[in-house]
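Structural description and commentary
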Amino acid sequence: MNSNPSIGEIYAHPVGRDAIDKVLLQLGCDRRWVDNPLIRRLPLRAVARLARPVLGLGFADSLLQLLGDHPGTPAPRLPIGNDAHSSGDGSAPWWHSAVFYQVYPRSFDDSNGDGIGDIPGITARLDYLADLGVDCLWLSPIFDSPGDDAGYDIRDYRAVAPEFGTLADLDALIAGCHARGMRIILDLVVNHTSAEHPWFRAACEDPDGPYGDYYFLRGGPDTPDNPSSDPPNNWTSFFGGSAWRWLPEARRWALHLFAPSQMDLNWDTPAVRAEVADIVRWWRGRGIDGFRLDVINYISKRSGLPAGNPAIGKLIGFTGIEHYFFGPRLHAYLSELRRNGFTRENEDPPASSTVRERRADGSLGDPLPQDPVGVMVGETPGVGVEMGRLLTAHEPCALDLTFNFDVLDEPGRVRWDDYRLNLAYLKDYYIDYLGRLGAGERIALFLDNHDNPRMLSKVLGEDAVDPALRAAAAKALAAIQLLLPGVPFLFQGQEIGAVNQDFRDIGELHDVESLNRYDELRAAGAGAEEAFAQVLPGARDHARVPMRWAPAAEAGAQAWWQPAAERSAGFTVAEQAGDPESVLEFHRALIRLRRAEPALTAEEVEFPRPRSRDYFAWIRRDPGTGTEIAVEVNLTARAIARPGEVGTSDVILAANTAGGEHGDEMAPFEVTVSRRGEAVQGSPK
Ligand code: TEU
Ligand code: CA
C-alpha cells in the first residue's frame, strides 16, 4: 500500500475495514457512510486532516503501521473437511453444532457452605446442565491465584485454587462431563501471570537472568527511583492509570495491561511460548477438551513498545492499544500454539477420559477418541469481523472461534452508559456479521458473560421489574442466541432470566475494575453517589452473583461471598423447572430443537424484511432435505403486525404468543418457529 491510500483502499484491507468500522462505531456514525463512492475515493490523509479534531494527529500513520503488520489479501481459506478445523475424518468439528455454557465457579454452586462456589458444586449440577442440553462447559479460572482479578491472575497453571477444591475434584468433574456426553474447556489466561507466579518472582530476583525475558522489564540499575522517573511509555491499564509499575527490588519497570499484579508475559521469548504449549498439553492429557483464551489478541506487542497515539487512546479509552490489540506476530504465535499445544501427537499418552458420543435423540454412545485438536476459543476484545475471520478461517489456522464484543453496545455507547439497547441493533449486527462469512465459518453467539451487565437488563431497563415482560424478553433473546447460525455461549443464569443487581453502594461491589474506576472518579472530584452512579451500569459484579437455584437458598444468601441483591420471585431454577411457560423450559426446548433439526445447525440463512426495526425473521435451511425452519421474533414490547409471507401455520415452537398462535398480530416479544418446505407440503413427519 502506498503512503497515502484512498479510503476505499484502506477499506479493502481486512484490518483497515475493521479499523474504520471501529472508529465509526465509537463515534456513533453509520457504517454505511463508507459505502459512498465519493468518500471511498478520498485520500486517507485528507480525511484524517479534516477529522483532526476527533482523530487527532498521526492517525493515518498509526493506521498504516497497523495495516503494514498484516497481509492485505487474506491467505487462502481453509477448506472444511480438509483442515485443522475438521474432526480428523473430514466431517465438521463437534463445536460447529455445540451449545457452550459458561460457569463462573465462584458463584455457581457451593458444596461445603463456605460461601464460595466450588468444583464439587459444579459436579453436583452436571445432570442439570446435561438436561438443559449443554454440549460443552467453559469454566472461568479455577487455578491457584491470589485473586486480585477473581482468578484471572494465575499463580500456578497446574494447580486448583484451594477454595475451589482439588485436582482430584477437577478430574472427577472432567470425567463426569464426559460420561454425560459433554466436553469441558478451561480458561487459559496467558497474556499475563500473577506477580506471585514463580516466573515473575525469579524475574524480579534476577532481571538479567533467564526469567527476566519472560516479562516486559524495562529501565535498568541506573533508572532513578519511582516516582521521579517516567514509565517507559504512555500506555494505560484497562483498570486505570499507567500500564507500568515500578519494582523497587529489581529496579525495573514492569508492564501490566490489567491490574498492577497481572504482569504481561513477553511472547517474543520462545521459552514463554513453549511453557504455554506445555500447559495446554498437560491439561489435554487430563481430558480437558480445549480452552477459552483470555485477551489472546493482546499477546503480540509491537517491538520497542512505541508510545501510543494519544488521540486514539482518547477515542478508544486506552492509550497504546494500537500496538498490541492485533499485534504483528499474533497469527504466528497462535498457529504455533495450536500446533505445539492443542494438536494431539501420536506419541501423546491417551487422555484420562474422553467424551461419550451424544446422538441427536439425546442418547449416549461409547467414548469417542480424543479430538485431534483441542478447541481454541479466543476472547478478543477490539477485534472486528474481518480480523476475527483472519484469525479463524485462514491458513495457517490460528483460533476456532472469536468473541466479537461489538454486539454488546449500540454505536456510540460503551458499557458504562445507562441506556436501553434496542434489539434492532442486534438484528443489524448479526445480519451484517453473518453476511460477511465464507462457507464453513462460524461465529460465537454470546450476549452475557462475567465481564458485563446482563443483556436482558440493557434491553428492558427499569421495565425488568415486570416479571411477565422480563420472562418474555428473556425468551426472545434466547431464540436469537440459540437459533441464529453460530455457536451459542450461554452464561450461567441466562437460562432463568437473570438480570442486573440493585447494588446500593460501592461497598457491595468486589470487582477490581469497578473499585478502581470509582476511586478515579472520586479523585477527579465526583461525589460518592455520582461516582457510584457512573460505575453501576457497567459493573462486572452484576453477572457475578450466585446462581439462583431455589428461593429457599436465600435464607442463607448472606453467607455467599457476594450476596445477590436481586431476589424477585419466579426467577430461580426450582421455580421454573417443569413449568412449560418458563424461561428455563424454553431454553431446554430451543436446544432440543437445535439438536433435532439439521437446518438449525446448517449454514444457510436468509433474512426476510431486513430493514424492519421491530420484526426480526430468519429462515434456516437443511441442504440435505430442503427442510426450512422460519424463526420470527417481535423485537418490541408492543404488539406488531405479522408480515404474512415468512412463517407458516406449521408452528413447531413458540413463546409469548398471548394465546393466539401465528395470528396476524405478534404479541410483545413473541417468538414463532415454524416449518416450511417439504414437511409442510404434506410429507408426514
Ligand atoms: O477480559 C478482557 C477485557 O478486555 C474486558 O472484557 C474486561 O472485562 C475489562 O473490563 C476491560 O475494560 C478478560 C477477562 O474476561 C476479565 O475477567 C479479566 O479481568 C481480563 O481479561 C484480564 O484477565
Ligand atoms: Ca465452597
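In the block above lies the structure referred to throughout.
These figures come from a predicted structure and were not determined experimentally. (Residues numbered from 1 in each chain as written. Chains lettered and ligands numbered in written order. Predicted model: local features only at pLDDT ≥ 70, side-chain atom pairs only at ≥ 80, totals over all residues. Heavy atoms only, no water.)

Attention now goes to the sheet that holds strand β5 (residues 183-188). Read from one edge of the open sheet, eight strands run β15-β14-β11-β5-β2-β1-β17-β16, paired in parallel fashion. Looking at which strands have only one partner, the edges of the open sheet turn out to be β15 (401-403) and β16 (444-445). Relative to strand β17 (residues 487-491), β16 is paired through two bridges, and the arrangement is parallel. Note that in β17 the partner of A444 across the bridge is V487. (Pairing = 2+ DSSP bridges. Helix = DSSP H or I, 4+ residues; strand = E, 2+ residues; numbered from the N terminus.)

Regular strands place their side chains on alternate faces of the sheet. Here strand β1 (residues 100-103) shows a buried face lined by F100 and Q102 and a second buried face lined by Y101 and V103. Taken together, the four bridges between β1 and strand β2 (residues 136-139) define a ladder with parallel strand orientation. Bridging across to β2, F100 finds its partner in C136. Here β1 runs beside β17; their pairing, made up of three bridges, is parallel. The residue of β17 that forms the bridge with Y101 is L490. (Buried < 20%, exposed > 50% of the residue type's maximum accessible area, 1.4 Å probe, protein only.)

Counted according to the given criterion, the structure contains 34 aromatic pairs. Geometrically, the ring pair formed by W138 and F489 is edge-to-face, given 6.4 Å between the ring centres and 75 degrees between the ring planes. Of this pair, W138 sits in strand β2 while F489 sits in strand β17, placing them 351 residues apart in sequence. Of the two residues, W138 and F489, neither departs from the other in class, the shared state being buried. Here F616 and W618 contribute two aromatic rings whose centre-to-centre distance is 4.6 Å and whose plane-to-plane angle is 50 degrees, an arrangement assigned as tilted. Members of the aromatic cluster, joined through ring pairs, are W94, F100, W138, F403, F405, F446 and F489. Positioned over the ring face of W416 is R415, at 4.7 Å from the centre of the ring. (Phe/Tyr/Trp six-rings, centres within 6.5 Å; stacked < 30°, edge-to-face > 60°. Lys NZ or Arg CZ within 6 Å of the ring centre and 35° of its normal.)

Moving on, we come to the sheet that holds strand β8 (residues 244-247). Judged by pairing direction, the sheet is antiparallel, and its three strands sit side by side in the order β7-β9-β8 without closing on themselves. Every interior strand has two partners, whereas the edge strands, β7 (217-218) and β8, have only one. Strand contacts of helix α10 (residues 198-205): β7, β8 and β9 (252-255), with the helix running at about 55 degrees to β8, the strand carrying the most contacts. (Contact = heavy atoms within 4.5 Å. Axes fitted to C-alpha atoms, helices over the stretch in contact; angles between N-to-C directions.)

Moving on to the site of ligand 1. D149, D294, R415, D451 and E513 are the nearest of the 17 residues found near ligand 1. Residue E513 places a side-chain N or O atom 2.6 Å away from an oxygen atom belonging to ligand 1. One of the side-chain N or O atoms of R540 is found 2.8 Å from an oxygen atom in ligand 1. In isolation ligand 1 exposes 490 Å². Once the protein is present, 93% of that is buried. In terms of residue class, the shell around ligand 1 is made up of five nonpolar, three polar and nine charged. (Near = heavy atom within 4 Å. Polar contact = N/O pair within 3.5 Å; in protein donor to acceptor, adjacent residues only side chain to side chain. Areas by Shrake-Rupley, 256 points an atom, 1.4 Å probe, with all protein chains shown as cover. Nonpolar A, V, L, I, M, F, W, Y, C, P; charged D, E, K, R; others polar.)

Let us look at the pattern of salt bridges. Counted according to the given criterion, the structure contains 53 salt bridges. The closest approach of N and O atoms between E379 and R292, which form a salt bridge, is 3.4 Å. Remark: R292 occurs in strand β11 (residues 290-293) and E379 occurs in strand β14 (residues 375-379); sequence separation between them is 87 residues. R292 matches E379 in its accessibility class, with the two residues each being buried. Ionic contacts of the salt-bridge type, sharing partners, join the residues R17, D18, D21, E386, R389, D432, R436 and E441 into one network. (Salt bridge = Lys/Arg side-chain N within 4 Å of Asp/Glu carboxyl O.)

Before going further, it helps to examine the coordination of the calcium ion (ligand 2). For the calcium ion (ligand 2), the protein coordination sphere consists of D110 (OD), N112 (OD1), D114 (OD), I116 (O) and D118 (OD), at 2.2 to 2.3 Å. Every donor residue of the calcium ion (ligand 2) comes from the same chain, spaced as D-x1-N-x1-D-x1-I-x1-D. Judged by its relative accessible area of 16%, D110 is buried. (Donors = N, O, S within 2.8 Å, 3.2 Å for Na, K, Ca; no water.)

Moving on to the environment of R504. Note on placement: R504 falls in the loop between β17 and α18 (512-523). Between the alpha carbons of R504 and L188 there is a distance of 34 Å; along the sequence they are 316 residues apart.

Let us look at unusual backbone geometry. A negative phi angle characterises most non-glycine residues, just as the trans form characterises most peptide bonds. Between E395 and P396 the backbone carries a cis peptide bond, its omega angle lying at -15 degrees. As for its position among the elements, P396 is in the loop between α14 (385-393) and β15. The phi dihedral of V295 falls on the positive side, at around 30 degrees, and the residue is not glycine. Judged by relative accessible area, V295 falls into the buried class, the value being 4%. With phi around 45 degrees, L305 is a residue other than glycine that occupies positive phi space. Mapped onto the elements, L305 comes out in the loop between β11 and α12 (310-316).

Turning our attention to the side chain of E670. Along the polypeptide, E670 turns up in the loop between β23 (665-666) and β24 (671-676). Given the relative accessible area of 0%, E670 is considered buried. At 2.9 Å, the side chain of E670 forms a polar contact with the side chain of T672. Residues contacting E670, with those up to four places away along its chain left out, are E632, V633, N634, R642, A655, N656, T657, H662 and E665.

The next thing to look at is the packing of helix α2 (residues 14-27) against α14. Contact pair α2 / α14: the axes reach a minimum separation of 7 Å and the direction vectors enclose 145 degrees. Between α2, through P14, V15, R17 and D18, and α14, the contact on the second element is made entirely by V385, E386, M387 and L390. Split into classes, the residues belonging to the contact of α2 with α14 amount to five nonpolar, no polar and three charged.

One finds Y101, L137, L139, L170, L426, Y430 and F489 to be the most contacted residues of the largest nonpolar core, which totals 196 residues. With sequence-adjacent residues up to four places away left out, F489 is seen in contact with F100, W138, V377, L401, F403, A444, L445, F446, Q481 and Q494. Among the nonpolar cores identified, the runner-up in size contains 13 residues, and Y518, A526, F532 and V545 belong to it. (Core = buried A, V, L, I, M, F, W, Y, C linked by side-chain atoms within 4.5 Å.)

Glancing now at the side chain of E597. Mapped onto the secondary structure, E597 falls in the loop between α21 (583-596) and β18 (605-606). Ignoring any residue separated from it by four or fewer positions in sequence, one finds E597 in contact with T627, I629 and R675.

Across all of its chains, the model carries zero disulfides by this definition. We note that C177 lacks a disulfide partner, and the nearest cysteine sulfur, in C136, lies 8.1 Å from it. On the accessibility criterion, C177 (0% relative accessible area) is buried. (Disulfide = S-S within 2.5 Å.)

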